[in-house]
Each structure stands twice: as C-alpha cells, then as structure tokens.
Amino acid sequence: VQLQASGGGLVQAGDSLRLSCAASGRTFSYYAMAWFRQAPGKEREFVAAIRWSGGSTYYADSVKGRFTISGDNAKNTVYLQMNSLKPEDTAVYYCAARTRMTATTLSPSGAYDYWGQGTQVTVSS
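In this report, we go over the structure that sits alongside the text.

How each quantity is defined
Residues numbered from 1 in each chain as written. Predicted model: local features only at pLDDT ≥ 70, side-chain atom pairs only at ≥ 80, totals over all residues. Heavy atoms only, no water. Core = buried A, V, L, I, M, F, W, Y, C linked by side-chain atoms within 4.5 Å. Buried < 20%, exposed > 50% of the residue type's maximum accessible area, 1.4 Å probe, protein only. Helix = DSSP H or I, 4+ residues; strand = E, 2+ residues; numbered from the N terminus. Contact = heavy atoms within 4.5 Å. Salt bridge = Lys/Arg side-chain N within 4 Å of Asp/Glu carboxyl O.

This part is about the nonpolar core. With 39 residues, the main nonpolar core has Trp35, Leu80, Met82 and Tyr93 as its most contacted residues. For this core, the elements supplying multiple residues, two or more each, are strand S1 (2-6), strand S3 (17-24), strand S4 (32-38), strand S5 (45-51), strand S7 (67-72), strand S8 (77-82), strand S9 (91-98) and strand S11 (119-124). The residues touching methionine 82, leaving out its near neighbours within four places in the chain, are Asp15, Ser16, Leu17, Leu19, Arg66, Phe67, Tyr93 and Val121.

Have a look at this one:
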C-alpha cells in the first residue's frame, strides 16, 4: 500500500487549501483514512478521519468548523478541505490509512497501518 499526499503550499491567513491523498496497492476497501499533522518541535497530532463504511467523520477540536474531510471510495482517495487557515495550522500534513477491518477509535496514530510522505502547509500571518 502506498499513500501519495499532495496539495500543500504557502498561503496567507484566511486562505484555503485542499489536500489530496491517493492510496494504491490494495484492491479492497480500507476501514478508515485520516490526516495528521506535525509542526516543528511538536508531536504528530490528529486532524481528521473518515470511516469508509457509513462515511462518519471525526475532527480535532482545533479544526472543527474550518476543515472538512471527504473521500472517494472508488478512487481510494481522501481529501482535506482547509478553510480559514491560521498560522498555527502550519505543519507537515500526513495522510494515513487503516486496513484492519475492526472498529477502533480513529484519533490515535497507532490506529493506522500505512502513512504517506507528508505535504508541507505554511500559513503566513
């Protein structure tokens, strides 16, 4: 399984960006996909997740109301629409996929089996 993230860039506060993550190498569905981020000097943190079956979504409090996660199951692609970006959103954003088809809490990084390479998002004030 390979995850390819894209869409990062340098934007100003208040702007929007859409990240994409395409998964390949697996012929059947994933249990869930998610986005995490890691700012310099900080630990990786959960941003958002989507459970493929039923489409339930989950968000960190810091991004609720500003970010939207969505997915295209047929394409095994997950998106993160980020609106009203703030300087504190600056980080490397990683996508992750869970292939184990068992129910679990989706915010811990340990819930995921595969990780993408990350895409840099920089928000200037």
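Tallying each qualifying case throughout the model produces five salt bridges. For glutamate 45, the salt bridge is made with arginine 37, and the minimal N-O distance between the two is 2.6 Å. We classify glutamate 45 as partly exposed; its relative accessible area is 36%. Judged by its relative accessible area of 5%, arginine 37 falls in the buried class. We note a salt bridge from aspartate 89 to arginine 66, for which the minimum N-O separation is 2.8 Å. Placement of aspartate 89 in the loop between S8 and S9 and of arginine 66 in the loop between strand S6 (57-59) and S7 is noted, with a sequence separation of 23 residues between them. Exposure class is identical for aspartate 89 and arginine 66. Each is buried. Look at the salt bridges and you will find they share partners, linking Arg37, Glu45, Arg66 and Asp89 into a network.

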